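Descriptive structure summary
The residues making up each chain are set out below.
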There are 2 protein chains.
Amino acid sequence: MTINRRDLEFILYELLQCEELCETGRFVDYDRNAFDAVLDTAYTLAADRFAPLAATMDANEPEFRDGKVVLPEGVREALEDYIGAGFLGAGFDLADGGMQLPGIISFAVSSIFAAANISLSGYAGLTRAATNLLITHGSDSQKQTFLEPMLSGRYFGTMCLSEPHAGSSLSDIRTKATKTADGDYLIEGSKMWISAGDHELSENIIHFVIARIDGAPSGTRGISLFIVPKYRVGPDSSVGESNNIALAGLNHKMGSRGTVNCLLNFGESGDCRGYLVGEENHGLACMFHMMNEMRIGVGLAAVSLGYAGYIYSLDYARNRPQGRHPQDKDPNSPQVMIIEHADIRRLLMWQKVYAEGGLALALYCARLLDDQAVASDEDERRRLGLLLDILTPIVKSWPSEFCLEANKHAIQVLGGYGYTREYPVERLYRDNRLNAIHEGTHGIHGLDLLGRKVRMLEGTAFKLLIEEIRIDIRKAAATPDLQGHAADLTDAIQKLVETTLALTGCGNLNLSLSNATPYLDAMGNIVIAWMWLKQAQVANRKLREKPQEDTGSDFNFYTGKISACHFFFTYKLPVVLSELTILARLDDSLLKMTEEAYLGT
Amino acid sequence: MTINRRDLEFILYELLQCEELCETGRFVDYDRNAFDAVLDTAYTLAADRFAPLAATMDANEPEFRDGKVVLPEGVREALEDYIGAGFLGAGFDLADGGMQLPGIISFAVSSIFAAANISLSGYAGLTRAATNLLITHGSDSQKQTFLEPMLSGRYFGTMCLSEPHAGSSLSDIRTKATKTADGDYLIEGSKMWISAGDHELSENIIHFVIARIDGAPSGTRGISLFIVPKYRVGPDSSVGESNNIALAGLNHKMGSRGTVNCLLNFGESGDCRGYLVGEENHGLACMFHMMNEMRIGVGLAAVSLGYAGYIYSLDYARNRPQGRHPQDKDPNSPQVMIIEHADIRRLLMWQKVYAEGGLALALYCARLLDDQAVASDEDERRRLGLLLDILTPIVKSWPSEFCLEANKHAIQVLGGYGYTREYPVERLYRDNRLNAIHEGTHGIHGLDLLGRKVRMLEGTAFKLLIEEIRIDIRKAAATPDLQGHAADLTDAIQKLVETTLALTGCGNLNLSLSNATPYLDAMGNIVIAWMWLKQAQVANRKLREKPQEDTGSDFNFYTGKISACHFFFTYKLPVVLSELTILARLDDSLLKMTEEAYLGT
């Protein structure tokens, strides 16, 4: 149960041509062979060490026992192997102790581990995100103390943003930071939904906590970022006494159960020391600096879960006999494998277009990050940054919605079996339901896209994205087999532009934003249509380059890509146009609906 | 957490005018006061006895301990209270020991209990279904032995259809029945997915088992139905020795965990006696005879779960402060309740249209059952039967799909909290995922609708349904405020007819049926649009009848109904037209897709 390697290589090398990155100074030590070797190791470790723990970690949630959070046996060892293979620091600079892999390869690796065991991957992902913050915004002395132990996995990391009363509305956080005479801060307050917030998997846990310094301005402009270790740390990174962070409760989730999630109380029973990261009151800016990367990560996690369900249910469908074709009325004829049934093929095809389309988009965005990192030209870097800015809410949200739908279909393929915990697909569905909630809810990303991103710099990012799509439309229009799809996507883009203008130009912010979420979904589907047109274009070219008599696995693979593109353009794109037409009407019924009218009370 | 009583009474009395039934001989002893008293009792019992056990039964699955299936404390007592109040036999004839309530009231009662605790309701529902089979098809002596103990809840019942290798394809069952010298049968075989298949909640369990008699024809024409008790029963209904039915394994489900579900082996370790119900080889006909009713029940269960999530998340949204309006940039202004946010209102509105629309449809179908039962005219009974036949796949499937979506939205309203088991909405989502799988999968109902129901008797049932819808369209067209919606539904019906003709007339059964599931969904949405137009029509009339100055709860309730109708017609109906247009194109890509093309292997 994993990511189809043939597809991963298609997306990396044929679609996104990531080998080009090896021509830049930053990645000059790499070539395709080296990337393939990394993928080999990831596939092996994921299958041997991560996958076998997935059901165990789901069935045996973290427990609080004798003052400690206990996880099942084998979790720590699996993470040690992962860290030992260098994956924790895959994307970080060699100078910092990382592997300096391109982001696109690091993300590809992440998808392999996430598909195998998302709960276990969570610990690594959070530590990586925290390390990223440290490298980008930490002081030299902070790096001196924390970087090596974090990159080597002796310390794990977390992000502490939400509070019990403040989830989406971070401007309302109450956790306090009080400056001490020696320049440190005392942290006091409660943080909710802290993944990997407490455990015994590492010697220490380094929390990155947002809090308000006494006297700071209200709202988001008064938020500062702090390093707050579970145990105090000496300058030589030795672990000392408790820093007074109390586990106040474990959250019991529907899915993603193996990643411990908790409420932490800071400084309740004694001094809890925090160390300011960056400048006072600029904490959210530090966080936002790495938002694009983190949100691609969430989207990719959603994709990976959708992909894992796809692979599992496809295999099941190819091996489960049941029923006969509609025209076969002979009950003594042998049953067919269920993949012979059109409805099962449909359930699999939706999973394919969602999972592979989402993977293409996530890795496309990862490639943009790499291009941005190696761009020598400031304008180009800015252009890439704007593309990333506008794609970020989509790459986070579209998979969270539609790869969850894929997981729903995977259950359906297995029928009753799929509904039981003896099979993995129901777990994937439960796990995936989280992704539309954390790292900004679906609705928040709708507001981000329609309220900020499409409007920013007078629509510059939006226009840049449309330009990028039009480049691929022109290529497809020059390909006889794809001219119809090129025309369809042209129409869709036109409709998207019209709807965007109607929504942003209506002069009523509330009215405009009242339809932000369906706008996010619709634009996401158009972006995915683009990803499918790109894939079909490459597949079409590859097929034309092949000898006609070759009908082997490459032939199957490329025709499958073209069929999936056709399916998405046939069954999804016209519906999206209809949805955009609805949005352009600026219906105000939700604004008018009173709370009393829902029930009549 | 329950069904909005104001809405239930609106649907029962104002929309479906169920008091009319009291004018018929069968229900002459009832009036609205009596119905209301029944509802009172149901609401009280559901809240006091069913709801408190819902989380407990989810967290403490049935366990096999010391040879017995153990359920949490209180389950049996809650069921005893339910039975004591007469609800087990609510719909059965007085002569049989029931309450002879109209089906529409029995179903309304079921929705109240299902919303409170679906797992607990399951035991009653299965016993009722088995009792129904006994009454309809059992011999006098079988009724003599089993009816009283089943109706009094001393014996519970089950339906044993599926086998491990035969779920959707019942024609492939292998369980054997061998006639003995005394006219009984020996049953041998395994039955899978048996809900309420083993437990200690009742003195005995009466399984209704389909099996093949030695030498019976292949396929569905060789299936017979048997009563197979867990413990043998004397003619005086006394419980005797074991009938050799072995619990071979408990299934561990994603949701609906409190309803024990298992694999049973019949006759593995000794004679297992079965008693033929009806004629040999006519077992499926007996089953199908009550399919309409059972499937309305499944659809109603899906509705009830969607409804419960709606009510819970609506209450949460009215009481959870978070964030501010888009135009409010002052971080010191008080936070608003989240129901103030348009996106939350949207999530609630979708739940409202799905849950209330589904409830209207399920009770509409229940009313058809009643009308059929009391119709004096054979033609009218036939007409009602055809309407029920064509609506059955829809009333079962539409809520299973869209009220699950409602539960997804309920989680989203609660955010992180909704994802935890400390709140009920994630449980409802898990519970509801079952309904698209059991009692015929979603795909099977698509085939039933497009392959049989719309074609039968040269489209007679389909035409009758369209006629019914057109009656309500004409009423709406005569109502100034609803003329636009009337025109929209007219267009939708036209498109549905065209698409249906395209699909049924294409001369290629495989091609036609390859799009059966999306056809089912699309037609379901049109039927629900009709239900909303009906509701808006009544609400509009009631509003016009009210004094203008009255802006109390009735005003809120009726305007809410009209707003919900508007919402469904604005945001859903145009999309459905687009989906129908796609289907009419008879795309054959799923038939052409090879299994190797999915992965390239």
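Residues numbered from 1 in each chain as written. Chains lettered and ligands numbered in written order. Predicted model: local features only at pLDDT ≥ 70, side-chain atom pairs only at ≥ 80, totals over all residues. Heavy atoms only, no water.

Per an unreviewed UniProt entry, the recorded name for chain A is Acyl-CoA dehydrogenase, and the organism is Emcibacter nanhaiensis. Chain A has a UniProt comment under Cofactor (unreviewed entry) that states "FAD". Listed under Sequence similarities (unreviewed entry) in UniProt, the entry text for chain A is "Belongs to the acyl-CoA dehydrogenase family." (UniProt positions renumbered as here; feature names shortened; annotations may be inferred.)

**Things to note about the pattern of salt bridges**
For the structure shown, the criterion picks out 82 salt bridges over all chains. A salt bridge links B:Lys542 to B:Glu14; the shortest N-O distance between them is 3.4 Å. You can see B:Lys542 sitting in helix 16 (residues 516-545) and its partner B:Glu14 sitting in helix 1 (residues 5-15), a full 528 residues away along the chain. On the basis of relative accessibility, which here comes to 12%, the residue B:Glu14 falls in the buried class. Where B:Arg295 meets B:Glu439, a salt bridge forms, and the shortest distance between an N and an O atom there is 3.6 Å. Of this pair, B:Arg295 sits in helix 8 (residues 291-319) while B:Glu439 sits in the loop between helix 11 (425-432) and helix 12 (442-453); the two residues are 144 residues apart in sequence, bridging distant segments of the chain. Residue B:Arg295 is classed as buried on the basis of its relative accessible area, which comes to 12%. Several salt bridges share partner residues, and in doing so they unite A:Arg5, A:Glu9, A:Arg32, A:Asp36 and A:Asp40 into one network. (Salt bridge = Lys/Arg side-chain N within 4 Å of Asp/Glu carboxyl O. Helix = DSSP H or I, 4+ residues; strand = E, 2+ residues; numbered from the N terminus. Buried < 20%, exposed > 50% of the residue type's maximum accessible area, 1.4 Å probe, protein only.)

**Observations regarding empty space enclosed by the protein**
Residue and element names in this part refer to chain B. Across all of its chains, the model carries eight cavities of 30 Å³ or more by this definition. In terms of lining, the second largest cavity is formed by 13 residues, of which the most central are Ala54, Asn117, Ile118, Arg427 and Asp431. Grouping the amino acids of the lining of the second largest cavity by side-chain chemistry returns eight nonpolar, two polar and three charged. (1 Å grid on protein atoms, 1.4 Å probe; cavity = no way out; pocket = protein on both sides within 12 Å on 5 of 7 lines; lining within 4 Å. Points joined across faces, edges and corners; volume = space filled by probe spheres on them. Nonpolar A, V, L, I, M, F, W, Y, C, P; charged D, E, K, R; others polar.)

**Digging into unusual backbone geometry**
All names here are of chain A. Located in the positive-phi region is asparagine 244, a residue other than glycine, with phi close to 65 degrees. Within the fold, asparagine 244 resides in the loop between strand 9 (239-242) and strand 10 (245-250). Even without a glycine there, the phi angle at glutamate 458 is positive, about 55 degrees. Residue placement: glutamate 458 occurs in helix 13 (residues 456-477).

**Quick look at the relation of the copies chain A and chain B**
Overlaying chain A on chain B yields an RMSD of 0.0 Å, the required transformation being a rotation through 180 degrees with an accompanying axial translation of 0.0 Å. With respect to symmetry, the two chain copies, as superposed, fit the operation of a two-fold axis. No C-alpha of chain A lies nearer the rotation axis than that of A:Val575, which sits 2.9 Å from it. Most of the interface of chain A is mirrored in chain B, where 100% of its interface residues are also at the interface. (Least-squares fit on C-alpha atoms with pLDDT ≥ 70 in both. Contact = heavy atoms within 4.5 Å.)

**Focus: the nonpolar core**
The biggest cluster of nonpolar side chains holds 433 residues, and the ones touching the most others in it are A:Leu489, B:Phe208 and B:Leu489. Those residues in contact with A:Leu489 that sit more than four places away from it in its chain are A:Ile469, A:Ile473, A:Ile526, A:Ala529, A:Trp530, A:Leu533, A:Phe569 and A:Leu573. (Core = buried A, V, L, I, M, F, W, Y, C linked by side-chain atoms within 4.5 Å.)

**Focus on the UniProt feature "domain: Acyl-CoA dehydrogenase/oxidase N-terminal" (unreviewed entry) in chain A**
As annotated in UniProt, the feature "domain: Acyl-CoA dehydrogenase/oxidase N-terminal" (unreviewed entry) corresponds to residues 37-153 of chain A in the numbering used here. Annotation note: span residues 37-153 of chain A, helix share 68%, strand share 5%, distance between end C-alpha atoms 22 Å.

**Some points on helix 13 (residues 456-477) of chain B**
All names here are of chain B. With 22 residues, helix 13 should reach 32 Å at 1.5 Å per residue; the first-to-last C-alpha distance of 30 Å fits that figure. When we look at burial in helix 13, the residues that qualify are Met456, Gly459, Ala461, Phe462, Leu464, Leu465, Ile466, Glu468, Ile469, Asp472, Ile473 and Ala476. Buried-residue contacts for helix 13 involve helix 9 (342-374), helix 10 (378-414), helix 12, helix 14 (483-504) and helix 16. (Expected span 1.5 Å × (residues − 1).)

**A short note on the packing of helix 2 (residues 32-59) of chain A against helix 3 (residues 75-84) of chain A**
Residues and elements named next belong to chain A. The geometry of helix 2 relative to helix 3 is characterised by a closest axis approach of 10 Å and an angle of 155 degrees between their N-to-C directions. In terms of axis orientation, helix 2 runs roughly antiparallel to helix 3. In terms of crossing hand, the pair formed by helix 2 and helix 3 is left-handed. Where helix 2 approaches helix 3, its residues Leu45, Arg49, Phe50, Leu53 and Met57 are matched on the opposing element by Val75, Glu77, Ala78, Leu79, Asp81 and Tyr82. Residues of the contact of helix 2 with helix 3, tallied by class, amount to eight nonpolar, no polar and three charged. (Axes fitted to C-alpha atoms, helices over the stretch in contact; angles between N-to-C directions. Parallel < 35°, antiparallel > 145°, perpendicular 65-115°, else oblique. Left-handed = near helix turned anticlockwise from the far one by under 90°.)

**Structural notes on the environment of B:Gly385**
Counting through the fold element by element, B:Gly385 comes out in helix 10. Distance in space between the C-alpha atoms of B:Gly385 and B:Asp371 is 9.6 Å, their sequence separation being 14 residues.

**Digging into the packing of helix 1 of chain B against helix 2 (residues 32-59) of chain B**
The axes of two packed helices give the description: the angle between them and the distance between them. All names here are of chain B. Between helix 1 and helix 2, the shortest axis-to-axis distance is 12 Å and the interhelical angle comes to 145 degrees. By crossing handedness, the relation of helix 1 to helix 2 is classed as right-handed. The residues of helix 2 that touch helix 1, namely those facing Arg5, Leu8, Glu9, Leu12 and Tyr13, are Arg32, Phe35, Asp36, Leu39, Asp40 and Tyr43. Of the residues assigned to the contact of helix 1 with helix 2, the class counts are six nonpolar, no polar and five charged.

**As for the packing of aromatic side chains**
All names here are of chain A. One pass over the full model with this rule turns up 43 aromatic pairs over all chains. Geometrically, the ring pair formed by tyrosine 316 and tyrosine 423 is edge-to-face, given 6.4 Å between the ring centres and 90 degrees between the ring planes. Within this pair, whereas tyrosine 316 is found in helix 8 (residues 291-319), its partner tyrosine 423 is found in the loop between helix 10 (378-414) and helix 11 (425-432), the two being separated by 107 residues in sequence. Cluster of aromatic residues (ring-pair linked, three or more members): Trp350, Tyr354, Trp398, Phe402, Phe567 and Tyr571. The aromatic ring of phenylalanine 557 is capped on one face by arginine 6, whose charged end is 4.4 Å from the ring centroid. (Phe/Tyr/Trp six-rings, centres within 6.5 Å; stacked < 30°, edge-to-face > 60°. Lys NZ or Arg CZ within 6 Å of the ring centre and 35° of its normal.)

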